[in-house]
Amino acid sequence: MTQVLDREILDGRVVLNGTWEQFKLIQKVSEDSPGIKLSFFAGAIEILMPGFQHENFSEIIGYLVTTFLLVQGIVKLR
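Source: prediction; values computed, not measured.

A. Region of interest: the overall build of the protein chain. The helix and strand tally for the protein chain stands at two helices and four strands. Within the protein chain, the proportion of its 78 residues that are buried is 13%. For the protein chain, the exposed surface amounts to about 6,800 Å²; the carbon and sulfur share of it is 60%.

B. How the structure looks around the packing of aromatic side chains. One pass over the full model with this rule turns up three aromatic pairs. Summarising the aromatic geometry, the rings of phenylalanine 23 and phenylalanine 40 are spaced 5.8 Å apart at their centres and angled 45° between planes, so their arrangement reads as tilted. Linking phenylalanine 23 in helix α1 (residues 20–29) with phenylalanine 40 in strand β3 (residues 37–41), this pair joins segments that are 17 residues apart in sequence. The rings of Trp20, Phe23 and Phe40 are connected pair by pair, giving a single aromatic cluster.

C. Broad picture of a nonpolar patch on the surface. On the surface, Phe57, Ile60, Ile61, Tyr63, Leu64, Val65, Phe68, Leu69 and Ile74 cluster together into a nonpolar patch covering about 890 Å² of accessible area. Along the chain, isoleucine 61 turns up in helix α2 (residues 52–71). Since its relative accessible area comes to 38%, isoleucine 61 is described here as partly exposed.

D. Structural view of unusual backbone geometry. Positive phi values are uncommon outside glycine, yet alanine 42 reaches one of about 50°. Within the secondary structure, alanine 42 sits in the loop between β3 and β4 (44–48).

What counts, and at which threshold
- Per chain, residues are indexed from 1 in the order of the written sequence.
- Two thresholds apply to this predicted model, a pLDDT of at least 70 for residue-level local features and 80 or more for giving and counting side-chain atom pairs, whereas whole-chain, interface and lining totals are computed over all residues.
- For side-chain calculations, the full set of non-hydrogen atoms in the structure is used, while hydrogens and water are omitted.
- Numbering of helices and strands starts at the N terminus; helices are DSSP runs of H or I of at least 4 residues and strands are runs of E of at least 2.
- Only protein chains enter the accessibility calculation, which uses a 1.4 Å probe; a residue whose area is less than 20% of its type maximum is buried, one above 50% is exposed, and one in between is partly exposed.
- Each accessible area value is a Shrake-Rupley result obtained with a 1.4 Å probe; residue values ignore everything except the protein chains displayed when judging cover.
- Two aromatic rings from Phe, Tyr or Trp, using only the six-membered ring of Trp, form a pair when their centres are within 6.5 Å; if the ring planes differ by under 30 degrees the pair is stacked, by over 60 it is edge-to-face, and anything between is tilted.
- Patches were defined on residues exceeding 30% relative accessible area and lacking a salt bridge, with like-charge contacts within 9 Å and nonpolar side-chain contacts (Val, Leu, Ile, Met, Phe, Trp, Tyr) within 5 Å.
- Here, a salt bridge means any side-chain nitrogen of Lys or Arg that lies within 4 Å of a carboxyl oxygen of Asp or Glu.

So, in structure tokens, the structure goes:
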């Protein structure tokens, strides 16, 4: 793969100049990495990765929903 020199890194967001072929290669390599979102537009490959704040917020929301359901007497069935 050709090294891309022009890049911007900002809080879990990486933007690279690249081709559709490079995008497809990155997509293939990242298949087993949950949470990574890729997009391609006009020669720009954008990679979004959830950061700590996202994960922390997600856990808090999960806790609040679980607590609400327990208080309402709703039990998760397995």
